[in-house]
Amino acid sequence: MRLRQTLRDLIAAGLLRAREAGEAAFEEMPLFDLKNPKLPEHGDFSTNAALLLAARVKRPPRQVAEAVVRRLEAPPGLFDRITVAGPGFINFFLSDDAWRQVILEIHRLGPAFGNSTVGAGRRVQVEFVSANPTGPLHVGHGRGAALGDALANLLAAAGFTVEREYYINDVGTQILTLGKSLYFRVLELMGRSVEFPADGYQGDYVVDLARECLDERGPLDLAAEPESLFPELGRYAADRILAGIRQDLDDFGVGFDRWFSETALYDDGWVQKGFARLKEQGCLYEAEGALWFKATAFGDDKDRVVQRSTGATTYFASDIAYHLEKFTRGYDLVVDIWGADHHGYVPRLTAAAQALGYPGRLKVILVQLVSLLRQGEPVAMTTRGGAFVTLREVLDEVGKDAARFIFLTRRADAQLDFDLDLAKAQSAENPVYYVQYAHARLASVFRLAEAQGVTLAAPDPARLPLLALVEEMDIIKLLANYPDLVEGAAHNLEPHRITYCLTDLASRLHSYYYKHRFLSDDPDLTQARLWLVKAVQTVIAHGLGILGVAAPESM
RNA sequence: GGGCGAUUAGCUCAGGUGGAUAGAGCGUCGGUCUCCGGAACCGAAGGUCGGGCGUUCGAGUCGCCCAUCGCCCGCCA
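Student: Give me the lowdown on the pattern of salt bridges, citing residues and values where you can.
Tutor: Enumeration according to the criterion identifies 34 salt bridges in this entry. The shortest N-O distance in the salt bridge between Glu325 and Arg258 comes to 3.8 Å. Here Glu325 is found in helix α11 (residues 315-328), whereas its partner Arg258 is found in strand β7 (residues 258-261), with 67 residues between them in sequence. The buried category is assigned to Glu325, whose relative accessible area is 8%. A relative accessible area of 34% places Arg258 in the partly exposed class. Ionic pairing is found between Asp396 and Arg392, a salt bridge with its closest N-O pair at 3.8 Å. Of the two residues, Asp396 and Arg392 are both situated in helix α13 (residues 391-398); the distance of four residues between them amounts to about one turn of the helix. Through salt bridges with shared partners, a single ionic network connects Glu165, Arg258, Glu325 and Arg329.

Student: Give me the lowdown on the confidence of the model for chain A, citing residues and values where you can.
Tutor: When the pLDDT values of chain A are averaged, the result is 91; 96% of them are 70 or greater. The low-confidence segment residues 382-386, where pLDDT is below 50, has twelve contacts with residues more than four positions distant or belonging to other chains.

Student: A description of the sheet that holds strand β8 (residues 284-287) should follow, citing residues and the corresponding values.
Tutor: Spatial ordering of the open sheet is given by β8-β9-β10, a layout of three strands whose pairing is antiparallel. What marks the edges here is a single partner per strand, and that holds for β8 and β10 (304-307). Taking the axes of each pair of neighbouring strands and ignoring which way they run, one obtains an average angle of 45° across the sheet. As paired strands, β8 and strand β9 (residues 290-293) are joined by four bridges and run antiparallel to one another. Across the sheet, the residue bridging to Leu284 is Phe293, located in β9. Along the sheet, helix α10 (residues 270-280) makes contact with β8, β9 and β10, crossing β8 at roughly 95°.

Student: Got a sec to walk through the sheet that holds strand β4 (residues 89-94)? Specific residues and values, please.
Tutor: Pairing between the strands of a sheet is mediated by backbone hydrogen bonds and can be parallel or antiparallel. Reading across from one edge, β1-β2-β4-β3 is the order of the four strands in this open sheet, with antiparallel pairing throughout. Of all strands in the sheet, those with a lone pairing partner are β1 (34-35) and β3 (79-85), marking the two edges. In this sheet, β4 lies alongside β3 in antiparallel orientation, the contact comprising six bridges. The residue of β4 that forms the bridge with Val84 is Ile90. The sheet strands contacting helix α3 (residues 61-71) are β3 and β4, and the helix crosses β3 at an angle near 160°.

Student: Break down the protein's contact with RNA strand B for me, with residues and values.
Tutor: Neighbouring RNA strand B are 62 residues; Tyr434, Tyr437, Arg441, His491 and Arg517 lie closest to it. Counting only the atoms of RNA strand B within 4 Å of the protein, the fraction contributed by sugar and phosphate is 61%. A distance of 2.8 Å separates a base nitrogen of RNA strand B from a polar side-chain atom of Ser444. Side-chain polar atom of His496 to a phosphate oxygen of RNA strand B: 3.0 Å apart, as the coordinates give it. Among the elements of the structure, β4, α6 (173-189), β9, α16 (431-451), α17 (470-491) and α18 (496-515) are those that each provide at least two residues to the surface near RNA strand B. When residues of the surface near RNA strand B are assigned to their parent elements, the largest contribution, eight residues, is made by α16. Of the residues in the surface near RNA strand B, the class split is 23 nonpolar, 23 polar and 16 charged.

Student: How would you explain unusual backbone geometry if you had to name every residue and give the values?
Tutor: Even without a glycine there, the phi angle at Ser130 is positive, about 45°. When you line up the elements, Ser130 lands in the loop between β5 (123-127) and α5 (139-157). Backbone geometry places Glu288, a non-glycine residue, at a positive phi of 55°. On the secondary structure map, Glu288 appears in the loop between β8 and β9.

Conventions and cut-offs
- Residues numbered from 1 in each chain as written.
- Chains lettered and ligands numbered in written order.
- Predicted model: local features only at pLDDT ≥ 70, side-chain atom pairs only at ≥ 80, totals over all residues.
- Heavy atoms only, no water.
- Salt bridge = Lys/Arg side-chain N within 4 Å of Asp/Glu carboxyl O.
- Helix = DSSP H or I, 4+ residues; strand = E, 2+ residues; numbered from the N terminus.
- Buried < 20%, exposed > 50% of the residue type's maximum accessible area, 1.4 Å probe, protein only.
- pLDDT = per-residue confidence, 0-100.
- Contact = heavy atoms within 4.5 Å.
- Pairing = 2+ DSSP bridges.
- Axes fitted to C-alpha atoms, helices over the stretch in contact; angles between N-to-C directions.
- Near = heavy atom within 4 Å.
- Polar contact = N/O pair within 3.5 Å; in protein donor to acceptor, adjacent residues only side chain to side chain.
- Nonpolar A, V, L, I, M, F, W, Y, C, P; charged D, E, K, R; others polar.

Set out below in structure tokens:
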């Protein structure tokens, strides 16, 4: 049973009956809200249906509300009362018994409570991280990784069929530049005095790679033209770096269903297929020796080059090809997660998706880059400059759970300050522990209960009314709202809502725990309270599961 | 110059698709343990939601203008 849906149906039925009775001559059913008011005096649920209707039927809102309330046919025991208040809100006060049913439901569904079927199995692909294999992942990538993975979990919980994908940009000048960088580092190790190129990747990892390269492959062929060695050295370096990226992500708890290589787009002819499709649509033209996509026809500021006058295709051409390939696979929705510095790129890719014949199926989420702080001072994070903090370093310092949780405490488009010293020095005060502690604390309670010979029987509806404290009812209402919260978070592609919900739930639990003993001399009361907190533990575990954070039995 | 995103308590940020009297954490100040895990709990102080105009029965939320900050604006990736 879902209370919210039950109520919506009741209200809709009431509206229809009011119309039949000639009290509200509306044509289309209004899209009314059903909210949880902030103030307890306004009930458990409140609807603005009468306010919306009043304007259409030209009667005072309160009169309409009264009429609707008269026509409601509520099942016995569901409500304590239904009132009309304020400008014309209809407020529903549910009976405590109605609320308590959620405990039975959670017990029945167990770890599946919170899942839903709104996704109806529709296929969603989430493409994220997709960092170029020219250097190790940094903190910003970590945020994208945490978000993408949690989003994928969230969508799966909401009933979508989800696939995770990593796109590897392994074509183009950056790989040559990487090869060049490696070349010069190896030369240095061979004792040659050379000047490292200004456009090279200066990170220490290239030096490490050079050492490995020298060990494995021996000295460079100094007789060869340096440029002729760059491609192979570049591929060598990219392969090694990518292996490191995979390892970092694996340790971060992030896995992918598919690692898609840009090279494959060319091998399989997708770039040409993309061009052909655009040409069919009349969206491709030649000018100034180059090939252009008519992006302006789909809302972009200017047309975009897909093939340079040199004959080389652009990065954008690859992306067109890649998305055509994706859409061809039949996804109902493709979600791309990018760094916010790529936002200027959104209009042209959206335009391309439309031109290819897949309007509305691409959703780009922009993640603001992480501002990394050390002792309050900003840390430079450019790959070229070499002075950056890696995801690996953060993982080693603060741990997977804390890092993921912190990344998921902000909306994607809000900047995030990540103070390493704070995270390191005060990791025990990290919000993640607050939530995990609630879970572990309950595990401890159950261990103690077991040691005392208390076994948790199946919930007995007749004894649920023993749960009547304000703290207990507040928790029950949070639990009952959880499935709706998951659906809303999934619909809006916002995993951070889960984070806040869990913090709230943990807070209520801690407070409840402090004020009232779960294990008491009264066996019935003990059972009832254990049912409740078992339900809390189940929901916390579910939410942490979406975030990809462990739900520990002890800490 | 154009565009995107932001602007909510001292700080960092939530605010579910427009609802009724504005929320949390941290910090500050003051309290709570003979008791299931104190990584906890309770209380207080702290706000003209950057400014203005508009739409609406009703705006932190939607539209326009302005201010400040960040980012983007290449036949780079």
